[in-house]
Amino acid sequence: MASNQTSDPEEIADLYSDITDDLSYAQTFYSKRTVRVYLNQIAQGVHNLVHKQRKDSFRKLFTVWRVSIPLEIYRARKNLFFALFVFLFWAVVGAISTHFNPDFPRMIMGDSYVEMTLKNIEKGDPLGVYHSNTQIKMFFDITLNNITVAFYTFISGIFFTIGTHILIFNNSIMLGAFQYFFHLKGLLIVSFLGIWIHGAFEISSITIAGGAGITLGNGLLFPGSYTRLQSLQLSAKRGLKIMMSLIPFLIAAGYLESFVTHNYQELADWSKWAIITISFAIIIFYYVVYPLVVARRYPELVHENNPPIKTYVNVFDLNKIRTFGQVFSDTFSFYRAHIGKIMRYNLVLTIPVIAAVIIFQDFTRYQDLTHQYEYDWASQLSIIMGFDVKSISDFVVTFVWSIILSIFTLSILYHFKNQEQKANLKTFVKFMLQKLPGTWLGLSFLFLILFYLPWYWMFFVLFLAPFFWLQASSVGLGEESSFRKRFGNGFRYGTRNYGNVLLGISVMSLVLFIFAQPIAAVFSYQEVNFMREPAMEDFLDKLADFIKNVSRYYTDDFMVPANIVRQIVYVLFVLFTLPLFVIQMGFLFCTSQEQSQSIGLKKQFANFGKRKRYQETSLDFE
């Protein structure tokens, strides 16, 4: 009857009552019979039928905008007001700096932009930059850029709010300097009426995105009674609700800039004042007044308890055949459970060596840091890892990196064998010394690809990688006493499960590629000959550009600090994403080993007949 999905409440209630009665009787008199498990499954199905969720309607969506989002804005009001205060503070600093140093805007916005603006002023069109393209193209380009900047401002809050503060500082000090620059030219009102036609929505949205970013970062800084990850999950949901509210305002800002500001010279001043006033009134109403109204109307929801956080498994059965989806899911669960312990080991063993190697390479190849590169990530990694081999020292550095990455891999594989143990550096060092030579040899083919093959050939060599992908995990996790047999098993398992291994490498690479794009885009191409920024700027481009503009007033080698910052971000990205590949590698090996040796099945046979007489165990349902 449950399979018929009946909608009669009385019929469902009667069915549920009958089934639970039968289940109680079976648990009492037939505790070892299959009928008990069968009735339990039916009871669960009926229970799910009773508690199934109804499909959301458009009315529910309207309620989100009418109640849920305003309440979230009200809860985050302190963060939003703090972001506004910080924005205004740095805007005033930008104006004051321009007052005492008229060349300050060149430091912030660059010489080319200032020179272009001066030429437009001479032509009698001070805001001529808004005439640089067709209106339709402007609308799509500007709207995409507005959404991108707002998203960066929000997501950068995950770096303990530091990234959000940097972007607020960058945008606000630029605004203050830009407006005061026009004041010095006697064009303050002209620039104000032109810029704030769209700026009322655009600048307000960036400030609100800053408040959402601070809300996100505070989840890590102030977790309260939750773990930091649980607190981050809650704060991310709250910040995303606030960000969702910005979408119509960002689109409206793009429309106004493309179709209204574009024709600002033809508009009467009263119409400009009206647009600016109405725009600010809408922002103040929805983000200040209306949240207060909703909070007073629904006081019981203001301090609504946080939803229960999903609990995760911290111990994983290695003697189990996993589907590709299970491998992928368990990879991220294992990462969440053990990344803290993994990084503790590496803070002692590998990260200090990495810092020393980077400092050595930057001093040795200092001239390489004074340039801007087309594909910056590839060039910076080749500098710090010695890929391009310009001297004997680069060979040595590459070898040191291979040792570092082998130790890093072992620090991850160690936790497969010691999932429930607390971090013990002494025990790990003993494990590392025993497994390091074999692990290094198992990874040697991958090192050759990574270090010496041009990156644009890696796609083609990807199809060879599965043959050598499981050697390291086989050496580190294999049960055989013979190293030769463990090493051979890695090659055999990789060959036998070629499709799954190739799919695992490809999907994980795609996921990390998508994740990396907003932070440090892989295809962030820069036109070196013209020193232009990439067509699609990412967060790292904006940060490096800001550091470059500031540094040019203190050193002739202004590219060096910007490139060092890029190196730090790239290395951190490698350190925090490499574990995902190694963990996936470990689960793929365990699945292949179970398929070949049936270790888990043998253990189940050993437990046959050992079920508890009066108490259910997991064995009753396997």
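Here's the deal with the overall build of the protein
On a plain count of helices and strands, the protein comes out with 25 helices and zero strands. Within the span of the protein, comprising 622 residues, buried residues form 46% of the whole. Taking all contacts inside the protein whose residues are at least 6 apart in sequence as the whole, residues at least 24 apart take part in 75%.

Quick word on the packing of aromatic side chains
Each aromatic ring pair is specified by the distance between its two centres and by the angle formed by the two planes. On inspection of all chains with the given rule, the structure shows 39 aromatic pairs. When the centroid spacing of 5.7 Å and the interplanar angle of 40 degrees are considered together, the rings of Phe 192 and Trp 273 count as tilted. A residue pair is termed long-range when its members are at least 10 positions apart, and Phe 192 in helix H9 (residues 188–221) and Trp 273 in helix H11 (residues 269–297) qualify at 81 residues. Centroid distance Phe 316 to Phe 587: 5.9 Å. Interplanar angle 65 degrees. Geometry classified as edge-to-face.

Regarding the nonpolar core
The biggest cluster of nonpolar side chains holds 58 residues, and the ones touching the most others in it are Ile 73, Met 243, Leu 246, Tyr 286 and Tyr 287. When contributions to this core are tallied by element, the ones reaching two or more residues are helix H3 (58–75), helix H4 (77–100), helix H5 (104–109), helix H7 (135–155), helix H8 (162–184), H9, helix H10 (228–259) and H11. Take this core: its biggest share by element is 12 residues, from H9. Look past the residues within four positions of Tyr 286 in its chain and what remains in contact with it is Trp 65, Ile 69, Pro 70, Ile 73, Ser 245, Phe 249 and Pro 291.

Some thoughts on a nonpolar patch on the surface
Together, Phe 81, Leu 84, Leu 88, Ile 284, Phe 285, Val 288, Val 289, Leu 292 and Val 293 give the surface a local cluster of nonpolar side chains, amounting to about 740 Å² of exposed area. Where the nonpolar patch is concerned, the elements lending two or more residues are H4 and H11. Ranked by residues supplied to the nonpolar patch, first place goes to H11 with six residues. Following the sequence through the fold, Val 289 ends up in helix H11. According to the relative accessible area criterion, Val 289 is partly exposed, its value standing at 38%.

Quick look at the environment of Thr 215
As for its placement among the helices and strands, Thr 215 is situated in helix H9. Considered as a pair, Thr 215 and Gly 157 are 58 residues apart in the sequence and their alpha carbons are 7.7 Å apart. With near-sequence residues (within four places) excluded, Thr 215 lies in contact with Ala 76, Asn 79, Ser 235, Arg 238 and Gly 239. One polar contact links Thr 215 to Asn 79, side chain to side chain, over a distance of 3.0 Å.

A few points about the side chain of Asp 330
Tracing the chain through its elements places Asp 330 in helix H13 (residues 324–349). The exposure class assigned to Asp 330 is buried, which follows from its relative accessible area of 15%. Setting aside anything within four residues of it in sequence, one finds Asp 330 in contact with Phe 316, Arg 322 and Phe 587.

As for the pattern of salt bridges
It is possible for side chains bearing opposite charge to pair when their charged atoms get close. Considering all chains together, one arrives at 10 salt bridges under this definition. Of the charged contacts in the structure, one is a salt bridge between Lys 272 and Asp 269, with a shortest N-O distance of 3.8 Å. You can see Lys 272 and its partner Asp 269 sitting in helix H11, three residues apart, about one turn around the helix. Here Lys 272 falls in the buried class, since its relative accessible area comes to 7%. For Asp 269, a relative accessible area of 46% gives the class partly exposed. Among the ionic contacts, a cluster of salt bridges with common partners joins Glu 72, Arg 75, Arg 238 and Lys 241.

Section: the packing of H4 against H9
For the pair H4 and H9, the least separation of the axes is 8 Å and the interaxial angle reads 125 degrees. Considered as vectors, H4 and H9 are oriented oblique to each other. Judged by the sense of rotation from one axis to the other, the crossing of H4 with H9 is right-handed. Across from Asn 79, Leu 80, Phe 82, Ala 83, Leu 84 and Phe 87 in H4, the residues of H9 making contact are Ile 203, Thr 207, Ile 208, Gly 210, Gly 211, Ala 212, Ile 214, Thr 215 and Asn 218.

Thoughts on H10
For H10, built from 32 residues, the straight-helix expectation of 46 Å at 1.5 Å per residue is met to within 8% by its first-to-last C-alpha distance of 45 Å. Along H10, the sharpest kink reaches roughly 35 degrees, centred on Ile 247 and followed within four residues by the proline Pro 248.

Structural notes on unusual backbone geometry
At Thr 161, a position not held by glycine, the phi torsion is positive, near 70 degrees. With respect to the helices and strands, Thr 161 occurs in the loop between H7 and H8.

Let's talk about the packing of H8 against H9
Geometrically, a packed helix pair is captured by the angle between its two axes and the distance between the axes. The N-to-C vectors of H8 and H9 enclose an angle of 170 degrees; their axes lie 11 Å apart at closest approach. Comparing their axes, H9 and H8 come out roughly antiparallel. Of the residues in H9, those touching H8 at Thr 164, His 165, Ile 168, Asn 171, Leu 175, Phe 178, Gln 179, Phe 182 and His 183 are Leu 188, Ser 191, Phe 192, Ile 195, Trp 196, Ile 203, Ile 206, Gly 210, Gly 213 and Ile 214. Counted by class, the contact of H8 with H9 contains 11 nonpolar, eight polar and no charged residues.

Quick word on the environment of Phe 483
Looking at where Phe 483 falls in the secondary structure, it is placed in helix H21 (residues 483–496). Phe 483 gets classed as partly exposed once you look at its relative accessible area, which sits at 32%. Beyond its immediate stretch of four places on either side in the chain, Phe 483 contacts Gly 438, Leu 441 and Val 475.

Re the confidence of the model for the protein
Chain-level statistics for the protein give a pLDDT mean of 81 and a share of 81% at 70 or above. Looking across the protein, the model is least confident in helix H2 (residues 34–50), with a mean pLDDT of 64, and most confident in H4, with 94. Contacts from residues 612–616, a stretch scored under 50 in pLDDT, to residues over four places away or in other chains number six contacts. Counted against residues more than four places away or in other chains, residues 618–622, with its pLDDT under 50, gives 10 contacts.

Concerning H8
Structurally, the α-helix is built with 3.6 residues per turn, so residues lying three or four positions apart point the same way. For H8, spanning 23 residues, the distance from its first C-alpha to its last is 33 Å, which sits close to the expected 33 Å at 1.5 Å a residue. One or two residues past the end of H8 sits Gly 186, with phi positive at roughly 75 degrees.

Re the environment of Phe 181
Mapped onto the fold, Phe 181 is located in helix H8. Residue class for Phe 181 comes out buried when judged on its relative accessible area of 8%. Contact partners of Phe 181, with chain neighbours within four places excluded, come to Thr 98, Pro 105, Val 114, Thr 117, Leu 118 and Ile 121.

Quick notes on the rules
- Residues numbered from 1 in each chain as written.
- Predicted model: local features only at pLDDT ≥ 70, side-chain atom pairs only at ≥ 80, totals over all residues.
- Heavy atoms only, no water.
- Helix = DSSP H or I, 4+ residues; strand = E, 2+ residues; numbered from the N terminus.
- Buried < 20%, exposed > 50% of the residue type's maximum accessible area, 1.4 Å probe, protein only.
- Contact = heavy atoms within 4.5 Å.
- Phe/Tyr/Trp six-rings, centres within 6.5 Å; stacked < 30°, edge-to-face > 60°.
- Core = buried A, V, L, I, M, F, W, Y, C linked by side-chain atoms within 4.5 Å.
- Patch = residues over 30% accessible without salt bridge, like charges linked within 9 Å, V, L, I, M, F, W, Y side chains within 5 Å.
- Areas by Shrake-Rupley, 256 points an atom, 1.4 Å probe, with all protein chains shown as cover.
- Salt bridge = Lys/Arg side-chain N within 4 Å of Asp/Glu carboxyl O.
- Polar contact = N/O pair within 3.5 Å; in protein donor to acceptor, adjacent residues only side chain to side chain.
- Axes fitted to C-alpha atoms, helices over the stretch in contact; angles between N-to-C directions.
- Parallel < 35°, antiparallel > 145°, perpendicular 65-115°, else oblique.
- Left-handed = near helix turned anticlockwise from the far one by under 90°.
- Expected span 1.5 Å × (residues − 1).
- Bend = angle between axes of the 7 residues up to and from the residue.
- Nonpolar A, V, L, I, M, F, W, Y, C, P; charged D, E, K, R; others polar.
- pLDDT = per-residue confidence, 0-100.

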